Each structure stands twice: as C-alpha cells, then as structure tokens.
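Listed below, chain by chain, are the residues.
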Amino acid sequence: MSAPQYAEKALASSSSSATHPHHGAEEAVTLNVDPNTLTVADLYDKEKFDLETMDNKLVFQLLQCGPEGLTQAEAEARIHKFGPNRLPEKKINPILQFLSFMWNPLSWVMEAAAIVAIGLSNGQGEAPDWQDFVGIVLLLLGNSCIGYYEERGAGKAVEALMAALAPQCTVKRDGKWETMEAANLVPGDIICIGIGDVVPADSRMVVANNIKIDQAALTGESLPVGKDIGDEVFSGSTVKQGEAEAMVIGTGLNTFFGRAASLVAGANEGMGHLQQVLAKIGNFCIFSIAIFLVAEIFVMYPGFKYRYRRGMNNLLVLLIGGIPIAMPTVLSVTLAIGAKQLAEHKAIVTRISAIEELAGVTILCSDKTGTLTLNELTIKIDAIKQYSDISAEDILLFSAYASRVENQDAIDKSVVESLHDVSLARQGIEVLDFVPFNPVDKRTQVTYRRLADNTVHRASKGMSQIIQELCTRDMTPEVEAQLHADVDMFAQRGLRALAVAEESVPSGTVDGEGTGFRLIGLLPIFDPPRHDTKETIERAIDLGVHVKMITGDQLAIAKETGRDLGMGDTMYKASILNKPDELAGIADSVDELVLRADGFAGVYPEHKYEIVERLQNLGHMVAMTGDGVNDAPALAKANVGVAVADASDAARSAADIVLTEAGLSTIIEAFIHSRIIFQRMRNYAIYTCSVTIRVVTTFSILVFAFKFDFPPFLVLILAIINDGTMMTISTDRVKPSRHPNSWNLKEIFSYAIVYGCYLTLSTLVFFVVIDKTNFFQRHGCKAFTNHNDFSLHSVIYLQVSILSQGLIFVTRSQGFFFTERPSTFLMLAFVVAQLVATFITVYANWGFTHISGAGWHWAGAVWIWDIVWFIPLDFVKFGMAGVIERFAVARSPPTPGEPVTHEQVELARQRTRMSMDAAQSVNRISTIPSRGASYYAPNLHDHVSSRRNFGSRVKQLITKSGKNLTMDGNELRRLQSTQAQAASRVLGGNST
C-alpha cells in the first residue's frame, strides 16, 4: 500500500497522545518520518518509537497497515525484512558435525596411536606400521559414521515430531481469514484470537469483544485481565474469554522476550551430567593406560634394553587396546534408539541426555490442573444439595437454562455438559433475555418462555452469597443456615459451590416483575482426576518414585484431590516456605517439610522453583510435570521437565520430554524405558572399563614376565570386532531396575578392576600352563618354539577375545547370565565375532603382523579354557554386589515422608553434588543440543548453560560497557516465566 502523507508535526508534540491511546482520540496523530526509510533497529528502538504504548493510529502508520490486514505479497516481503516469528536456528555444518566425533580425549589417544604407528614406528630398517595406521583411521571413521548417522536420524525424527506440534494462528491475508503457522506472522498482520488460543506474537488490540487474557506468569496477575482496543497482548499469554482481532507489532527477536532470549542464549556453557560421567570413565581408562605405558617404557628400554621399534609395538598395544574408542558412539546410539522407542510410546525427547536423568528420578513433582486432573470443571451430581421440592435433575436443568450454549466459559460448559443430553439446555424454551456473568454481579440470569404452557420464568446461578441475597421467597433462617453449612462442607472437601435460583414472571414480559427468586439448589463443582491418574501414581510409587502435588489451587481442593488419588493429604500452603517461624510442631526445618509433604497448594511459579531446588539440594533427582505457562520455570529447573499433552508452548519449550498422549500414564512408560536404557549404558560402562583393565594389565605383565610381544594389529582387530558387537547393546533386552538409577562410578570402577584382574589372571595362568607344562600338547595341540611364536600370538588373541567379549553376558544380567536372555542382535553379533576370531586363529598366516594359524586343536582348547573360566564370573559378580550393597544404604538420600537429619542432608548433598551442578546447567532453549565445550557429549549433542531463573540471568548479565543490565520491574516479572522460549518457538532446532 502507498505510504500515507505525513504532516510536519514533530514526534515530541504527538508523544502525549501517542502514549495515552484512550485520550485525545479527536486529536490528529501523525508522524514526521517516512516508514519506508525506517530500519528494523529504528522501529524497535524504544527511545524513538514505543509500539507498546503509542496510539493505534501511529502504529498503523509506522507499520503501513490497516484493519484489513496485509496482502500475501506484502507479508512475503516483510518476512525477508523482519524474519520469521521465532529465534534464528543455528544450522550445524554436517562436515564439522561428522568430524566432531573424532574430537574428544578418547579419540585423541587413538589419533596419537595412529601418529605413533605411521610416524614413530619406523627406522632400524623397517617401514612405518602403515597397516596399524590404516586400521586405526578406519576404526575412527567407522565410529564417526555410525554416530553421525544415528544423530542425524534422531535429530530429524525429533524435528518432525515437534513440527507436528508447531502452533497455528488465524490471520487475515488478502482480506480473507486463513490458518497458518505462527512462525509466518509478520508485523502488520491482523490476527484473530479466541477462547483457548495462545497469543502467537506481541500485538495491539484492534477489535475486542469481551476478551480476557490469562497472563499470570507474565505480569503476576492471578486472574484473567480484560483487554480493550489499543491494549497490548504478549506472546505466550492465553485467551480465557471472548474473542478479538489484534495487530501484530513484534515477532521473533523483535518481541520483548525474543530480545531477552537472544541476550542469554548460550551463556555460561558447561558440561552436563552424562558428559561428566563419560569424562570420568574416559579419564579412568586414560589414567590406567598411562600408568602401564610409563611402566613399560622403564621396563623395556632401561631394563630389557629393547630395540626402539620392538618397544613401540608394545606401547601401541596398550594405546589401541586400552582405549574404549567406541564408548561415546555406543552410548550415543543407545540414547538415540532409546529416544525413538520413547517416541513410539508417545514421549518426545527434546534433550537426549534427559533419558539418563529420567532413570534416576526419585521424586515426581506434578502440577494438578490439567496434569493429575482433566482441567475441566465438572458437577459432582451425587453431592447436589436441594432446598425445595425440585429434584437434582431439574436443578441441573434450571442451571443449564442460565448458561450459555455457545462461547461458554468454564462454568457454563460444566453445567451444560452435566446434562445427559446437552440439547436439553435449550429444548422446550425460548430465550428472551440473557445476562452473562460479570465480576460485579457474579451471577448469570436467563429470562425464558416455556413453550409447553407459554409461561415466562427466570433462572439464575452464581456465588452462593449473591444468590442468597437475591432470593426473597422461602428464604427462612433454617434454609440460610443449611446453605452456609453446605458451602462450608463443600469448601472443606475442596469443592466450589454454585447456587441456583428460579422465579416466575406472571406478566409474561421480559422486564416484568417476578414472584421472587427461590433458592432451589447448590451445585458442587470440581476438577475431576483423570481416569488413569490413580493407577499411574501407584505404578510410580512401585517404581520407587515419590509423587508430590504442586498446585496453585486452594489447599482444601489439593487435599481432596490427594485423597481421591491415594497420594496422601499431608499438604501445606506454599506461603509456609517463607515463614520458618510457623514450622513449630510440623517440621524441624523447611527442608524436612518439603521432603515430608505430599504436596503444596497456593503455589506461585517462584514456589515451584524453590520446591524443586530444595529437593535437589537434598540429593534427589526431580522430575516436574506440567502444562501451563506458570509451570515453565520449574520445568526448566527440574532435572527432567515433562510437558504433558496439550501443554502450552512455554511448557513444551522448557521441558526435556513432551508427552503427546493425555494424562500421566505415559510417564510411567518413560520411567521404565529410561531405566532399560540406563541399564544398557551401565552394563556397557562396566564392560568397557573391565576390558581396558584387562588389556593393559594382561599385555604389560606378559611383557614384564615373559618378554611377550603381542602384535598391535591383532589388538586393532580385537577392538574393531568388539566395537561392532557392542553397538548391538543399544537394543539389548534388559530388566529395568525397580528403584531409581544413578551413576555410581566407584561401583563401576570397582567392578571393572575386579573383572579385569580376573580376566588377566585367566590369560596369565593359560600362558604359564602353555609355557611351563605339556598339558595341551598331551591333548593333540602343537608345541611352540618360543614365547613369541607366531602361532602363540594367534592363540592368545583368541583367548583374550572370547572371554573378554563373553563378559558382557555377565555384566548385562542381574542374576545368573543364563536367566536373562540377551537380544537376538547381541547374541548373533557375539557368535559372528567369535567365529571370525576363531577362523583367524586357525587359518590366518599374516607375516606382516606376526601371526600364523594354530589349527583347530588349539582353537578347541581355548574355547574349553575360556568356558571354564567364564562360569565363576557370576559368583565374582555376586560377591562384589554383596560388598557394594553394604555401603549403598548409608549413602542413599533421605526418604520422603521421614524426618531428615543434618548428617543426611550433608551426605546427600555430597553424594549428588556432581549431578546437581550439572542438572542446574541445562539450556532449555536448545531442542537438539549442540556439542558446545563438552568433548565427552554422547554424540547426540548436548549443549548446556546455566539453568538459573530466566529473569535473574537477564538481570545479572553484564553488558560490554561493564554496566549491569537493568529493566522495568514489570518486564522483569514477565521474564520469570521463561516466555522467551515460547515467543521464539525454538522447538525444532538450536538457538544458541
């Protein structure tokens, strides 16, 4: 559209009317600037133009639009200028993403081994060890390819699932209303919003029809706020009543929340919980290798006077065989496949390492409304109170007459739907006049004609006190007393009371005088629990997860819901958290109160945040479920935030897991599957650390005791075959734990050392029997000429391969290995791998790597030897478990519902300091997290940053000039809800 003609009137002279849209409407408001020359930065510079408070006419002029909206061509042009209605997505370079799999300390050691093989293993008339070099490079590339493929696949799967949840909006384009993705909105668009809609962008009201906006988490107002023409509505707020048309004034980065999010995005990067675990496991392996590397260097060169090349080969054996190079990839694949399995069970994982944290959850904090309950007001029909001869069924009918059947509020909807046939609400009557609910009168009233006898009547419903004052007929002291008693009884049970009255109009006219209202009934209204919630809570308790209700509703309502669901009614008002002096006789400390309580009522967002934080400080891994805007801060603070089905955009963007099926039942499946995934990772961690200890101790001792030089290439083959087999552990069938899981690295390392030493002993005894006796020769096996006979190399290779890989069947089972059947893939992979190893031992004659075929007699002898040594491994496991279990009870966090001692608190804090530090440093803005500074990320990227209160993070930012960032108090309150994430809708990519 053409630019308007602007009068030469200074902005300063029009600012008074521009900042007071409801005054001076008759005064012309114009601008002395040409909108065509304005940049986006100028337009959103509040020192020049405050689009939130300017007169609507000025905003129309600045944005060059009108009530008829934009054309499609104009909108497309503005998309290029203003960008989409979301924060920019950071695209990951595929090449860098692939190479990143080779950029971590474990890979560095293998890369160092490759350099040693090609650059240092030469001289003395021998060529570089190019075979080992090529093998190491192929091993690195293979791991990277597998990890890259799984990561890209999982990333695309999550993006596709989250795209299905993309918010829609109704916008006027080319003069017609159409539905489109909110991301395509541009400033100047005219949008239509109605009941239940989430405002898709910062906007100014153009047409307002009795509209109320729920912006509690944005401004702190507890009740929906009425909006009029010219008022601003913020992205992420929810329409609770009426409908309106609004002009979009800010999208994406140009909303208040978008600007705030861009300031804090990517701040304070750190390492997440799983990355820290991987780092410690990797450091354990590297440290073990380093000790024996140094020992071998001193023994071989100063001690044995080895030639340079001979010693380098033995060092390569430790470098190649000791490093669990596939560990990041195996765990990455395990998590990726786990995420896909959870998606099949209606749980979308938006932060992949949250799967591991979900397995360790000990307390589930759940919002009540919409999560434990249906978020639908319902009449408790069997508890209706009657004050006349009118039946309960007719009381419902009268209340339905006094309700809207279209454009209903929550109460009208509950009343009408309580009828066995909703058509009865208007059947047989003609509505002559209807007075909707308003905050002043606090009741509704209908005047209607009954078609059966052509008589006119009135019915009214509303607050009990208002209806009582309205009633003049049959309102005796006894009836009043009974009404008050019933209302009090309802309140004690957590039920809201809705009184109903009726009167006749003898004149038959709309305004005619009635016979006087008569109280006929009292309706109990409540938000019923979901049909599966009670069972869900029972299953959670069976899994060792304590469930707490965290709700903003009244205490009586919370207690009644708790009793209905069997989760207890030991609940308190959240205000007690800030009043330690009121704890006398209840608890010795706020921490004890929080731990013992079954829930809290009257909760504000800051209370939810504090409750989660206190539970974390007591040593618990906390999951928080919710669906509303006000749940977002606690969802972000919790170790695992879970947004239930139909959750707001704010809740989804703050959560780690988004449920796509109604209710909490899906969370139980998520608990179970996360524990299965955790068990797979734990089993592999014990296995890989054990193999590291086994390799470095076995081959070092063989060098020290027998000057046995094992070929590096055989260790490389061992690593390749092992890595390929271990990839299948990601689909292994394991039993989930009946209790929450946690990474006990001392336990893992203890198991690894014991298993590794046992496997080493099996090889050393085997070597001694071969060297010092003729036991095997008496059974048809050929003799060896010396300690470095090429055939002996093959035999030792097979013995190490079979028993090392067989260890996985012991670590994966909780009882005897044969009582828990492994997955078909794992079993097939093991069989194939060991068949390959057996054929190499029997037939391989590879002079370049100093091996030759040892024949079937030796192969059979090795298999029998390893089977004999494999059987006692289960008893080794049971013995270790008994020793570890003695220390486990003393180190567990305090149990919910029991008193908490100071010693327990301190022990719990020490026990989980690592996980809590990491848990408080997770960035919710990223859906598919990026690697950031973490070298040990499971290769589904986890990008982490400070997980503090969103508003506090912005407030504490230091600008480049060294000045503290400050903002208006109201704006800071809006930030507390982390609505920047809702405004930006970065659910399908990276924002940092």
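Parameters and conventions
Residues numbered from 1 in each chain as written. Predicted model: local features only at pLDDT ≥ 70, side-chain atom pairs only at ≥ 80, totals over all residues. Heavy atoms only, no water. UniProt positions renumbered as here; feature names shortened; annotations may be inferred. Helix = DSSP H or I, 4+ residues; strand = E, 2+ residues; numbered from the N terminus. Buried < 20%, exposed > 50% of the residue type's maximum accessible area, 1.4 Å probe, protein only. Contact = heavy atoms within 4.5 Å. Lys, Arg positive; Asp, Glu negative; His and termini not counted. Salt bridge = Lys/Arg side-chain N within 4 Å of Asp/Glu carboxyl O. Phe/Tyr/Trp six-rings, centres within 6.5 Å; stacked < 30°, edge-to-face > 60°. Lys NZ or Arg CZ within 6 Å of the ring centre and 35° of its normal.

For the chain, the name recorded in an unreviewed UniProt entry is Plasma membrane ATPase, with Coemansia aciculifera as its organism. Quoted verbatim from the Sequence similarities (unreviewed entry) heading of the UniProt record, the comment on the chain is "Belongs to the cation transport ATPase (P-type) (TC 3.A.3) family. Type IIIA subfamily." As recorded by UniProt, the Catalytic activity (unreviewed entry) comment attached to the chain reads in full: "ATP + H2O + H(+)(in) = ADP + phosphate + 2 H(+)(out)".

Let's shift gears to the overall build of the chain. Scanning the chain from terminus to terminus reveals 36 helices and 22 strands. For the chain, buried positions account for 57% of its 992 residues. Long-range pairs, those at least 24 residues apart, make up 74% of the contacts in the chain between residues at least 6 apart in sequence.

A word on the side chain of Lys380. Here Lys380 lies in the loop between strand 10 (378-379) and strand 11 (385-386). For the buried Lys380, no salt bridge is present, and the opposite-charge side chain at shortest range is Asp382, 4.8 Å distant. Sequence-distant contacts of Lys380, defined by excluding residues within four places in its chain, comprise Arg493, Leu495, Pro524 and Phe526.

Before going further, it helps to examine the packing of aromatic side chains. Taken as a whole and judged by the stated rule, the model has 34 aromatic pairs. Ring centres of Phe766 and Trp858 lie 6.4 Å apart, and the angle between their planes is 90°; on these two criteria the pair is classed as edge-to-face. Note that Phe766 is positioned in helix 27 (residues 745-772) and Trp858 in helix 30 (residues 855-870), a separation of 92 residues in sequence. Its relative accessible area of 0% is what places Phe766 among the buried residues. With relative accessibility at 1%, the residue Trp858 sits in the buried group. An aromatic cluster is built from Tyr758, Phe766, Phe775, Phe776, Phe784, Trp858, Trp865 and Trp869, whose rings are joined through pairwise contacts. Over the face of the ring belonging to Phe526 we find Lys380, whose NZ or CZ atom lies 4.6 Å from the ring centre.

Take Val248: it is sitting in strand 7 (residues 238-250). What makes Val248 buried here is its relative accessible area of 0%. Separated by 16 residues in the primary sequence, Val248 and Glu232 place their C-alpha atoms 9.6 Å from one another.

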